[in-house]
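Examination of the molecular architecture
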Amino acid sequence: MPALRVEIACPQCGAPAELEETDRLFQCPFCRVRSFLAGPEGFRYVLPAKPPRRGGLIYVPYWRFKGLFFFCRPNGVDHRFVDVNEIAVDLPALPRTLGLRPQGLKLRFLTPHAKGRYLPPAVSFGQAVRAFQERSLRAIGRPPLYSAHLGEAAGLLYAPYALAGDGLVDAVLDRPLPGKAPPALLELPAAGLEPQAGISFLAALCPDCGWDLEGAPQALALHCRNCESSWIPSGGRLTRVESCCAAGGDAGAFFLPFWEIGCAVGGIELKTRGDLARAANLPVVPPPQWEEEAFRFLVPAFKVRAANFLQLAGALTLQPPAGGLSPALPGPRHHPVTLPVEEACESLKLILAGFLRPRREMAARLAAIDVHPERFRLAYLPFRETTHDWVLPGSSLSINRNVLGLSENL
Ligand SMILES: [Zn+2]
Ligand SMILES: [Zn+2]
């Protein structure tokens, strides 16, 4: 499933450019100025009207979710990849979904105060994702013990419609819809429905020292090589995030990013690594130093296939890098952060479920467990390159390099 294409205008010189929906760091091909794209609450896109119309358009919101649903069962975890969208307002006369149509179009980002009447969504993104999840589940059968989602791309798609007499025209296809326009649309006020929030372009400069920030086009975390700081978007601006590297990489090491997440966990004793060994009923007696090591999750901060994601998170949470982590930026050979920490946090209870033993008690224990993320930092781990794989030295962990290459498809 291809990524959506988005047309933008350089915020500096106005030159037109085109991005993939997951691109965040944009360098203008004309004036070379680099900007980082931030949305206040997820990204919002506008489908183009055909032919372009002057005014009179009503933009109807559709929630979109592309990513994975995980369903935890007593005997393991099922997953399902979806790319879905569904209308976010209660207007049964309108198409319930845009289907695959957005893939063939050049979208625009919604900008504040854009012309037109934009209906606010009547359901939240969380409600929409739960509905998608339930539908996905009905296709699979039997309710799971626990379910989680991991988004690759999500946001709101605005589709244009036009009133024509007492009917309604789909302004993307330039085709009338059957029947009459819903009264709610006929009675819309002529003004006051312009969008208030939209995309913002942040200067890709270190907020602390003004140096150019470094990152791949899809990078969600940018690095300043001058003051050795890392930055992630939060609430429409760049905020600092602690960045660490594991020791042990040789000169040609390739660093992969992980989120190290410290949590308050309720319903189970889980303060130290020793506690985790007992919850997992490991067949070895945990060494005494495990009782001193605080329990932390270590979760991929990049998109990778579902099975790899769970395997890496489970193995590294149980067996974090032996030499510990020290504050540092990764070398130039590193994979960009492409999975936000908010998404990583969605997976924590699922990762924990993978440890619980005996399995027959998992249902009851899982229901009682609460995981509250409290602090996080970026942890870069040095992998060694072989012909086909990235291998973590001192472990049995490896990732097929093609799977990493396919990161756009989780
Ligand atoms: Zn420019
Ligand atoms: Zn700096």
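Calculation criteria
Residues numbered from 1 in each chain as written. Chains lettered and ligands numbered in written order. Predicted model: local features only at pLDDT ≥ 70, side-chain atom pairs only at ≥ 80, totals over all residues. Heavy atoms only, no water. Donors = N, O, S within 2.8 Å, 3.2 Å for Na, K, Ca; no water. Tetrahedral: all angles 85-135°; square planar, octahedral: opposite > 155°, others 65-115°. Helix = DSSP H or I, 4+ residues; strand = E, 2+ residues; numbered from the N terminus. Buried < 20%, exposed > 50% of the residue type's maximum accessible area, 1.4 Å probe, protein only. Phe/Tyr/Trp six-rings, centres within 6.5 Å; stacked < 30°, edge-to-face > 60°. Lys NZ or Arg CZ within 6 Å of the ring centre and 35° of its normal.

1. A few points about the coordination of the zinc ion (ligand 1)
Donor atoms from the polypeptide that coordinate the zinc ion (ligand 1) comprise Cys10 (SG), Cys13 (SG), Cys28 (SG) and Cys31 (SG), at 2.3 Å from the metal. Every donor counted, the four donor atoms about the zinc ion (ligand 1) form angles of 107 to 115° at the centre, which fits tetrahedral coordination. Counting the intervening residues between successive donors of the zinc ion (ligand 1) yields the motif C-x2-C-x14-C-x2-C. With cysteine 13 in the loop between strand E1 (5-9) and strand E2 (16-20) and cysteine 28 in the loop between strand E3 (25-27) and strand E4 (34-38), this pair connects stretches of sequence that are 15 residues apart. According to the relative accessible area criterion, cysteine 13 is partly exposed, its value standing at 41%.

2. Quick word on the packing of aromatic side chains
On inspection of all chains with the given rule, the structure shows twelve aromatic pairs. An angle of 10° between the planes, with centres 5.1 Å apart, marks the rings of phenylalanine 65 and phenylalanine 69 as stacked. Residue class for phenylalanine 69 comes out buried when judged on its relative accessible area of 0%. Seen from their ring centres, tryptophan 259 and phenylalanine 376 are 5.6 Å apart, and the 85° between their planes marks the pair as edge-to-face. In this pair, tryptophan 259 is assigned in strand E18 (residues 254-266) and phenylalanine 376 in strand E21 (residues 370-385), connecting sequence segments 117 residues apart. Judged by relative accessible area, which is 36%, phenylalanine 376 ranks as partly exposed. Three or more aromatic residues joined by ring pairs form one cluster here, namely Phe43, Tyr45 and Phe109. A cation over an aromatic ring shows up here: arginine 273 above the ring of tryptophan 290, its NZ or CZ 3.8 Å from the ring centre.

3. With respect to the coordination of the zinc ion (ligand 2)
Looking at the zinc ion (ligand 2), one finds its protein donor set to be Cys206 (SG), Cys209 (SG), Cys224 (SG) and Cys227 (SG), positioned 2.2 to 2.3 Å from the metal centre. Geometry at the zinc ion (ligand 2) is tetrahedral, judged from its four donor atoms and the angles of 99 to 120° they form at the metal. The sequence pattern formed by the donor residues of the zinc ion (ligand 2) is C-x2-C-x14-C-x2-C. In this pair, cysteine 206 sits in the loop between strand E13 (200-203) and strand E14 (222-224) while cysteine 224 sits in strand E14, placing the two residues 18 residues apart along the sequence.

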